[in-house]
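Observations on the model geometry
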Amino acid sequence: TVVKHKIAKGADVVTLCPMISWGQACDVIRAKKPFHESQVEEILPSPVPCSQGTFILRVKGASMEPKFHHGDLIFVDPKIPPESGKYVVVQLEDSDEAMFKQLIIEGGRQYLKAINPDWPERIVEVSNGTEICGVVVFKGERI
């Protein structure tokens, strides 16, 4: 089922979002242009209102369990301001690939938290070279 969003004068709008790799997650922000079709695994409609720059990633690993599972699809909107408690996709300064964590802001400092209580290094402080690529606006799963 495709969810259509109402805008002025009753027009229906559906935002189509590209599913990309974790290595590409911050590229769209740096390049300030959309992904080339050869970089896109699939295009899916967003079930919630989001910006045209929204992209989809497939969750990897278990750091965000039990809320997010390996294979879940997350819709990431780069236009939403990151706030404490939001789930974000970030790229660390020394990494070639983005990661997915919960953003915590306390005392003027930012931290990334893995919500899995059994995860070895659950909280890391955000360094100056960390880039927040977007905020998760929806989670879904393929059946």
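Preceding block: the structure.
Fair warning: this is a prediction, and the values are worked out from it, not measured in the lab.

**A word on the overall build of the protein**
When helices and strands are counted, the protein shows one helix and 11 strands. The N-to-C order of helical and strand elements in the protein reads β-β-β-α-β-β-β-β-β-β-β-β. Considering the protein as a whole, with its 143 residues, one finds that 38% of them fall into the buried category. The long-range share in the protein, meaning contacts at least 24 apart out of those at least 6 apart in sequence, stands at 58%. Within the structure as shown, the protein displays about 8,400 Å² of accessible surface, and the carbon and sulfur contribution to it stands at 52%.

**Details of the state of the cysteines**
This model, assessed by the stated rule, comprises one disulfide. Sulfur-sulfur distance for the disulfide between C26 and C133 comes to 1.4 Å. One end of the pair, C26, is in the loop between β3 (16-19) and α1 (27-31); the other, C133, is in strand β11 (residues 131-140), with 107 residues separating them in the sequence. The exposure classification of C26 matches that of C133, with both residues buried.

**Some details on the environment of G134**
Note on placement: G134 falls in strand β11. Measuring from C-alpha to C-alpha, the distance between G134 and F100 comes to 9.8 Å, with 34 residues separating the pair along the chain. Not counting residues within four places of it along the chain, the set of residues in contact with G134 comprises V76, D77, P78, Y87, V88 and V89.

**Things to note about the pattern of salt bridges**
Evaluated as defined, the whole model comprises four salt bridges. Among the ionic pairs, E41 bridges to R58, the shortest N-O distance being 3.7 Å. Of the two residues, E41 sits in the loop between α1 and β4 (42-45) while R58 sits in strand β5 (residues 55-58), which places them 17 residues apart along the sequence. Using a relative accessible area of 30% as the deciding quantity, one classes R58 as partly exposed.

Thresholds applied
- Residues numbered from 1 in each chain as written.
- Predicted model: local features only at pLDDT ≥ 70, side-chain atom pairs only at ≥ 80, totals over all residues.
- Heavy atoms only, no water.
- Helix = DSSP H or I, 4+ residues; strand = E, 2+ residues; numbered from the N terminus.
- Buried < 20%, exposed > 50% of the residue type's maximum accessible area, 1.4 Å probe, protein only.
- Contact = heavy atoms within 4.5 Å.
- Areas by Shrake-Rupley, 256 points an atom, 1.4 Å probe, with all protein chains shown as cover.
- Disulfide = S-S within 2.5 Å.
- Salt bridge = Lys/Arg side-chain N within 4 Å of Asp/Glu carboxyl O.

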